[in-house]
Amino acid sequence: MKNTFRVYLPRWYYKLMFICSLILSMVPTIFCIVDGIDIACIIAFAIFIVPILMASLWSYRFRITVMEDIITVKPGFRKKYSFNVSEITKVIRKVVLNSGIGTSVKITVYTESKHVSVESLMIGIDKFDRYIKEKVNPEKISTKVMGENVNK
């Protein structure tokens, strides 16, 4: 297996977030047009738009790059950091079984001072999951299965 790959959110995700922020911006804009511009309209606009725009920008910038034994995380707004696979203290895999939607997986990797999560929506999660299972001691990996028919 080639051990150089990236894990990131698909492009449609941040585009969807941006479009949602534009649609939600129409609500306070309509109220401002009807009632006139006042401080309440400006605050409502900020409450609706700013968090979604920040999430859109964060999702565009978030990347995980794996090169051999080094995992580099580029968080949305913070400084990127790297760690070696040997520094991993624990891995938690949450698998949610849902017959209506499908299986959802979330992998959280912990080191002494940092942690990073990867979800099934992200491109490259399958490679990351195989990589973690291959490189990390199985005693450090915990899998939690939730959902329908788990106890049967």
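Here the structure is shown first, and the text comes after it.
Now for a description of the structure that goes with this document.

**Overview of the environment of Thr-143**
Considering the arrangement of structural elements, one finds Thr-143 in strand E8 (residues 141-147). Between the alpha carbons of Thr-143 and Asp-38 there is a distance of 52 Å; along the sequence they are 105 residues apart. Within the local environment of Thr-143, its side chain forms a polar contact with the side chain of Arg-93, the two groups lying 3.4 Å apart.

**A look at unusual backbone geometry**
In this structure, Glu-68 is a non-glycine residue whose phi angle is positive, near 55°. Following the sequence through the fold, Glu-68 ends up in the loop between strand E2 (63-67) and strand E3 (70-74).

**What about the pairing of strand E5 (residues 90-98)?**
Of the pairings in the sheet, the one linking E5 to strand E6 (residues 102-110) comprises nine bridges and is antiparallel in character. Paired with Val-95 across the bridge in E6 is Val-105. By the bridge criterion, seven bridges tie E5 to E8 in an arrangement that is parallel. Opposite Val-95, over in E8, you have Val-145 as the bridge partner.

**As for the sheet that holds E3**
Judged by pairing direction, the sheet is antiparallel, and its four strands sit side by side in the order E1-E2-E3-E4 without closing on themselves. At either end of the open sheet lies a strand with only one pairing partner, and these are strand E1 (4-8) and strand E4 (81-84). Taken over all neighbouring pairs, the strand axes of this sheet differ in orientation by 15° on average, direction set aside. Across five bridges, E1 lies against E2 in antiparallel orientation. Paired with Val-7 across the two strands is Ile-64, which belongs to E2. Relative to the sheet, helix H3 (residues 125-135) contacts E1, E2 and E3, its axis offset from that of E1 by approximately 125°.

**Brief notes about helix H1 (residues 11-35)**
The end-to-end C-alpha distance of H1 is 37 Å, a good match for the 36 Å that 25 residues give at a rise of 1.5 Å each. Close packing links the buried residues of H1 with helix H2 (39-61). Taken from the residues just after H1, Gly-36 is the one with a positive phi, measuring 90°.

Rules and cut-offs
- Residues numbered from 1 in each chain as written.
- Predicted model: local features only at pLDDT ≥ 70, side-chain atom pairs only at ≥ 80, totals over all residues.
- Heavy atoms only, no water.
- Helix = DSSP H or I, 4+ residues; strand = E, 2+ residues; numbered from the N terminus.
- Polar contact = N/O pair within 3.5 Å; in protein donor to acceptor, adjacent residues only side chain to side chain.
- Pairing = 2+ DSSP bridges.
- Axes fitted to C-alpha atoms, helices over the stretch in contact; angles between N-to-C directions.
- Contact = heavy atoms within 4.5 Å.
- Expected span 1.5 Å × (residues − 1).

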